[in-house]
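# Coordinate analysis (summary)
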Amino acid sequence: MRKQRGFTLIEIMIVVAIIGILVAIGFPSYQTHLRKGRRAETQSFMLEAANRQQQYLMDARAYALGSAFLTTLSLTPATSVTNFYALTATPAAATTPPSFTIVATPIAGTAQAPDGVLTIDNTGQKTRAGNPGW
């Protein structure tokens, strides 16, 4: 008689179950890591926009404001920023003395929604979900 070679159905089912458990444990951690990476990229872009705002103030004696401030500053955010956050600069009109707050609002229904609103203002104050700091 010849000995049969190969895997039994039980062995394959055990391997599939182990892989399923590992995926169930690792996937949420992976999603959290992706969310933090997108948040960091958005924060970096917001810092760049704040620096450009300061340069624009020196030239125009006012900050670029409203939803079109990125166009005024000649900035183009990465798709990983625009797919998950809506960026605006407030107030909508010029103030005396000049001021701005760049606001990144997570788009509802995306993975970034639990992050809360990110802000940076002309003094360098940063908040996330209303709490100081990022």
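Everything in this summary refers to the structure shown in the same document. (Residues numbered from 1 in each chain as written. Predicted model: local features only at pLDDT ≥ 70, side-chain atom pairs only at ≥ 80, totals over all residues. Heavy atoms only, no water.)

### Topic: unusual backbone geometry
Cis geometry is adopted by the peptide bond preceding Pro-91, which originates at Thr-90 and carries an omega value of -5°. Inspection of the secondary structure assignment puts Pro-91 in the loop between β1 (85-90) and β2 (101-106). Residue Thr-96 is joined to Pro-97 through a cis peptide bond whose omega torsion reads -10°. Here Pro-97 lies in the loop between β1 and β2. The residue Ala-129 is not glycine, and still its phi comes out positive at about 55°. Residue placement: Ala-129 occurs in the loop between β4 (126-128) and β5 (131-132). (Helix = DSSP H or I, 4+ residues; strand = E, 2+ residues; numbered from the N terminus.)

### So, the side chain of Gln-112
Relative to the assigned elements, Gln-112 resides in the loop between β2 and β3 (118-121). For Gln-112, the side chain forms a polar contact with the main-chain oxygen of Arg-35, separated by 3.2 Å. (Polar contact = N/O pair within 3.5 Å; in protein donor to acceptor, adjacent residues only side chain to side chain.)

### Notes on the pattern of salt bridges
Under the definition given, this model contains two salt bridges. Note that Arg-35 and Asp-115 form a salt bridge whose closest N and O atoms lie 3.4 Å from each other. Of the two residues, Arg-35 sits in helix α1 (residues 9-60) while Asp-115 sits in the loop between β2 and β3, which places them 80 residues apart along the sequence. Judged by its relative accessible area of 2%, Asp-115 falls in the buried class. A salt bridge links Asp-115 to Arg-39, with the nearest nitrogen and oxygen atoms 2.9 Å apart. Of the two residues, Asp-115 is situated in the loop between β2 and β3 and Arg-39 in helix α1; the sequence distance between them amounts to 76 residues. (Salt bridge = Lys/Arg side-chain N within 4 Å of Asp/Glu carboxyl O. Buried < 20%, exposed > 50% of the residue type's maximum accessible area, 1.4 Å probe, protein only.)

### Notes on the sheet that holds β3
Hydrogen bonds between backbone atoms are what pair the strands of a sheet, whose relative direction is either parallel or antiparallel. Pairing is antiparallel in the open sheet, where five strands are placed in the order β1-β2-β3-β4-β5. Two strands bound the open sheet, and with one partner strand each, they are β1 and β5. Contacts between α1 and the sheet are confined to β1, β2, β3 and β4, with β3 contributing the most and set at about 20° to the helix. (Pairing = 2+ DSSP bridges. Contact = heavy atoms within 4.5 Å. Axes fitted to C-alpha atoms, helices over the stretch in contact; angles between N-to-C directions.)

### Some thoughts on a nonpolar patch on the surface
On the surface, Leu-9, Ile-10, Met-13, Ile-14, Ile-18 and Leu-22 cluster together to form a nonpolar patch covering roughly 640 Å² of accessible area. Position of Met-13 among the secondary structure elements: in helix α1. (Patch = residues over 30% accessible without salt bridge, like charges linked within 9 Å, V, L, I, M, F, W, Y side chains within 5 Å. Areas by Shrake-Rupley, 256 points an atom, 1.4 Å probe, with all protein chains shown as cover.)

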